[in-house]
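# Examining the three-dimensional arrangement
The chain contents come next:
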Amino acid sequence: MRTGSTTDKEEDISNEMSMEADLLWRIESRADQKPTSIALTEDNRAIVANYGLGNLETADENGVTTLTSEKLKPFSVILADVSGFQSISGCIVCADRRQKTVVFIDPETGDLLTQWEPGFFAWVGGLGVLRNGNIVVSDRVHCCVGVYTPDGARITEFGSYGAGDHNICMADYLTVDSRDRILISDSANHCVKVFDVSGKVLGKISGRGVSDGLLSWPKGICVTPADNVVVADSQNGRISVFSPSGDFIGHLVSGIPYPYGIAYGGQPNTIAVTHYALSGYSQCDAYRLRTPV
């Protein structure tokens, strides 16, 4: 993982984005990288899930690799304080599709702390942590979301395949806001579904389209400190933001290729995005937003 020069096409993209955000760093694409998720530490280090390479890479504030965790098939990654199980605190929580389970990794050493039983999920996807430390996980194959204790005991499970408000389809990413609302990026239904911790439907954000406020195959999702909802609108090539009630606020970044994983945090008003397409295109960027959300 390293920084590098951009092509003329990439420079054009950066110039368009600079109207809304300033590029902090860019990590060059490598063959088979497939970066599907990203998390930001408080000191602006980035933890990137390289699904294709089978590792987690930690990069410093300049986008230069400082640490690598191997022998994984990491799809999504978050940073969280998880208490109550072997004193895990401030760890990396990773959805590992190689072992089809959730693993916990020390962010300073890259070492495995513990993991749930292999084969726990059919196709593990998005991750979130509730205020009480319980962990929310999506299973793409079963089109469901479960709430678990830190040691992997299931508390509840909800969701099923379909297009109704209570259904999800190809939901690879989710997040949890400060009120413990579970927000699911329902990719094949082109919207965000909102549930409470018991699985009760609270609402839906957006729908399919190319106009402002609409989504096309949304991927990564996160929330800001104000609980605004930030979504990687992958096929429309932009990062869209909605209010907690679902009203469209604007595009944080637009004119970008295949945004996939997304994280908001680190230093104030910083957003990190991974770009990934089946054609092989891969890239990771971090931006400083000019207007807080």
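The model shown is predicted, which means the values in this text are computed figures rather than measured ones. One numbering rule holds for all chains: residues counted from 1, following each sequence as written. pLDDT decides what is reported in this predicted model: residues at 70 or higher carry local features, side-chain atom pairs at 80 or more are listed and counted, and totals for whole chains, interfaces and linings draw on all residues regardless. Excluded from the side-chain calculations are hydrogens and water; all other atoms, namely the structure's heavy atoms, are used.

## Comments concerning the overall build of the chain
Strands are runs of DSSP state E lasting at least two residues, helices are runs of H or I lasting at least four, and both sets are numbered from the N terminus onward. The helix and strand inventory of the chain stands at 1 helix and 24 strands. Here the C-alpha atoms of the chain give a radius of gyration of 17 Å, agreeing with the 19 Å that 2.2 N^0.38 yields for 293 residues. For the chain, the C-alpha atoms occupy an extent of roughly 50 × 40 × 35 Å along the three principal directions. Each of the 293 residues in the chain was classed as buried or not, and the buried ones make up 59%. Only heavy atoms enter the contact rule, under which two residues are in contact if any of them lie within 4.5 Å. Of the contacts made within the chain by residues no fewer than 6 positions apart, 43% connect residues no fewer than 24 positions apart. A total of about 11,800 Å² of accessible surface is found on the chain, and carbon and sulfur atoms cover 48% of it. In summary, the charge assignment counts Lys and Arg as positive and Asp and Glu as negative, without counting His or the chain termini. Where a charge lies is defined by one atom per residue type, namely NZ (Lys), CZ (Arg), CG (Asp) and CD (Glu). Looking at the chain, you have 24 positive and 35 negative side-chain charges, and the mean spots of the two groups are 6 Å apart. Atoms considered for the radius of gyration are the C-alpha atoms alone. The globule rule reads 2.2 Å times the number of residues to the power 0.38. Categorising residues by exposure relies on relative accessible area from a 1.4 Å probe, with only protein chains included: less than 20% of the type maximum marks a residue as buried, more than 50% marks it as exposed, and the intermediate range marks it as partly exposed. Working definition of accessibility: Shrake-Rupley area with a 1.4 Å probe, residue cover restricted to the visible protein chains.

## Notes on the pattern of salt bridges
Oppositely charged side chains can pair when the atoms bearing their charge come close. Every case where a carboxyl oxygen of Asp or Glu lies within 4 Å of a side-chain nitrogen of Lys or Arg is listed as a salt bridge. Tallied over the full model, the rule gives 11 salt bridges. Across the pair Asp-22 and Arg-290 runs a salt bridge, and its minimum N-O distance is 2.6 Å. You can see Asp-22 sitting in strand 1 (residues 21-27) and its partner Arg-290 sitting in the segment after strand 24 (282-289), a full 268 residues away along the chain. In this structure, the salt-bridge partner of Arg-45 is Asp-43, at a minimum N-O distance of 3.1 Å. Here Arg-45 falls in the buried class, since its relative accessible area comes to 18%. You can call Asp-43 partly exposed: its relative accessible area is 41%. Residues participating in the shared-partner salt-bridge network are Asp-43, Arg-45 and Glu-108.

## Here we look at the pairing of strand 7 (residues 91-96)
Buried residues dominate strand 7, accounting for 6 of its 6 residues. The side-chain alternation of strand 7 yields two buried faces, one formed by Cys-91, Val-93 and Ala-95 and the other by Ile-92, Cys-94 and Asp-96. Bridge count for strand 6 (residues 74-80) against strand 7 is 6 bridges, and the pairing is antiparallel. What sits directly across from Ile-78, in strand 7, is Val-93. Only strands joined by at least two bridges in the DSSP assignment are considered to pair. Note that strand 7 and strand 8 (residues 101-105) share 5 bridges and pair antiparallel. Along strand 8, the bridge assignment pairs Ala-95 with Val-102. The antiparallel hairpin formed by strand 7 and strand 8 contains 4 residues in its connecting segment, where Lys-100 sits at a positive phi of about 55°.

## Some points on unusual backbone geometry
For Lys-100, which is not glycine, the phi torsion reads 55° and is therefore positive. Among the secondary structure elements, Lys-100 is positioned in the loop between strand 7 and strand 8. A relative accessible area of 34% places Lys-100 in the partly exposed class. At Met-170, a residue that is not glycine, the phi angle is positive and equals roughly 60°. For Met-170, the position within the fold is in the loop between strand 13 (154-158) and strand 14 (173-176). Exposure remark for Met-170: the relative accessible area of 26% places this residue in the partly exposed category.

## Some thoughts on the sheet that holds strand 16 (residues 191-195)
Taken in spatial order, the 4 strands make up an open sheet running 14-15-16-17, and their pairing is antiparallel. A single partner strand is all that each edge strand has here, and the edge strands are strand 14 and strand 17 (201-205). Averaged over all neighbouring strand pairs, the angle between strand axes comes to 20°, with direction disregarded. Bridging between strand 14 and strand 15 (residues 182-186) involves 4 bridges; their strand directions are antiparallel. For Tyr-173, the partnering residue across the bridge sits in strand 15 and is Ser-185. Structural elements are reduced to axes, namely lines fitted to C-alpha atoms, with helices fitted over the stretch in contact, and the angle between N-to-C directions of any two is expressed from 0 to 180 degrees.

## Re the packing of aromatic side chains
Aromatic rings from Phe, Tyr and Trp, taking only the six-membered ring of Trp, are treated as a pair when their centres fall within 6.5 Å; an angle between ring planes under 30 degrees marks them as stacked, one over 60 as edge-to-face, and anything in between as tilted. Counted by the stated rule, this structure contains 14 aromatic pairs. Each ring, one from Phe-121 and one from Tyr-148, has its centre 5.6 Å from the other, and the planes form 85°; the classification is edge-to-face. Here Phe-121 is found in the loop between strand 9 (112-115) and strand 10 (124-129), whereas its partner Tyr-148 is found in strand 12 (residues 144-148), with 27 residues between them in sequence. An identical accessibility class is assigned to Phe-121 and Tyr-148; each is buried. Ring geometry for Tyr-173 and Tyr-260: centres 6.0 Å apart, planes at 80°, overall edge-to-face. Of this pair, Tyr-173 sits in strand 14 while Tyr-260 sits in strand 22 (residues 259-264), and the two are 87 residues apart along the sequence. Here a set of aromatic residues connected by ring pairs shows up, and it is made of Tyr-51, Phe-75, Tyr-173, Tyr-260 and Tyr-276. Working rule: Lys NZ or Arg CZ, within 6 Å of ring centre, within 35 degrees of ring normal, means a charge sits over the ring. Lying across the ring of Tyr-51, Lys-73 places its NZ or CZ 4.7 Å from the centre.

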